[in-house]
Amino acid sequence: MRISYETAFRLKVLFIVLIFGILIFRIVYYPLLTHKTVPYGVAAPKGQILLLDNITLGNYTWENAVDMQNHLILKGSEDYGDSVFLEIQTPGWCADVAFWDGQKFIVSEKCVRKLSISKYFFVVTSAFYWYVEPGYHLIFYKPDGKPEKYELVNFTVTYGGETDWGAFKVAYGKS
C-alpha cells in the first residue's frame, strides 16, 4: 500500500513537531519539574511579633522573656554538620539554654550572645524542618532594663558554612 504525498508530508510535519515538543519539554519543563532544592536557613521567626512572658522552669525564672522552643524553626538536611551557631545581633539581648535532664531543669548557658548548639537540640522532620526538641528551651531576654514594646530582636544562625538571619518583635500581652 502506497502513502499519498499529502499523508507523507503530514507525517513528517507531525514527527518534526513531536521532536521539537520533546526537546522543549526536556530543556524547559523537565528541570523545573524535577528540581529539588535543599532547604536552608531560618524558617521562623522572620519578623513576627512574639509575646513577652514571665517564664519559670524549675528553680529558674525569667521576666519579660521569649521562649524560642515553639518559635525557632530552621530548614535544612542533616548534612550540615554537628553544630548550629547562633548570634544575637541586637544590643542588650542575650539567651539562656535550659533543658530537662529527667529530674530537673539545668541551665547550661547563661546570658550569652554567641552560642553553639548541637544539632541534636532539634528534631529534624522528613520535610527538612528543624524544630526545637521538647525538653529544650532557648530563652531570649534583656537582662538590663525592660524591653520596649515592638522592639526588634535580630539574630543570625550559621550551620553548614552558610548564615541566615532571623528576627522578631516583642510585645507585651494584655494585662
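An account of the accompanying structure is given in this report. Being a predicted model, the structure only gives us computed values, none of them experimental.

## Quick word on the sheet that holds strand 9 (residues 122-124)
The four strands lie next to each other as 1-4-10-9, forming an open sheet whose pairing is antiparallel. The open sheet has two edge strands with one neighbour each: strand 1 (41-44) and strand 9. Taken over all neighbouring pairs, the strand axes of this sheet differ in orientation by 35 degrees on average, direction set aside. Where strand 4 (residues 73-75) and strand 10 (residues 129-132) come together, three bridges link them in antiparallel fashion. For K75, the partnering residue across the bridge sits in strand 10 and is Y129.

## Quick notes on the environment of L72
Structurally, the position occupied by L72 is in the loop between strand 3 (60-67) and strand 4. In this structure the C-alpha to C-alpha distance between L72 and V42, which are 30 residues apart in sequence, comes to 7.8 Å. Those residues in contact with L72, other than ones at most four positions away along the chain, are A44, P45, L86, F122, W130, Y131, V132, L138 and F155.

## Notes on the sheet that holds strand 6 (residues 94-100)
Strand pairing in a sheet is mediated by backbone hydrogen bonds. Such pairs are either parallel or antiparallel. Here we have nine strands laid out as an open sheet, ordered 7-6-11-3-2-13-12-5-8, and mixed in their pairing. In the strand order of this sheet, the two ends are held by strand 7 (105-112) and strand 8 (114-118), each with one partner. Averaged over all adjacent pairs, the angle separating strand axes in this sheet is 35 degrees, with direction ignored. Looking at chain direction, strand 5 (residues 83-88) and strand 12 (residues 151-159) are connected through four bridges and run antiparallel.

What counts and what doesn't
- Residues numbered from 1 in each chain as written.
- Predicted model: local features only at pLDDT ≥ 70, side-chain atom pairs only at ≥ 80, totals over all residues.
- Heavy atoms only, no water.
- Pairing = 2+ DSSP bridges.
- Helix = DSSP H or I, 4+ residues; strand = E, 2+ residues; numbered from the N terminus.
- Axes fitted to C-alpha atoms, helices over the stretch in contact; angles between N-to-C directions.
- Contact = heavy atoms within 4.5 Å.

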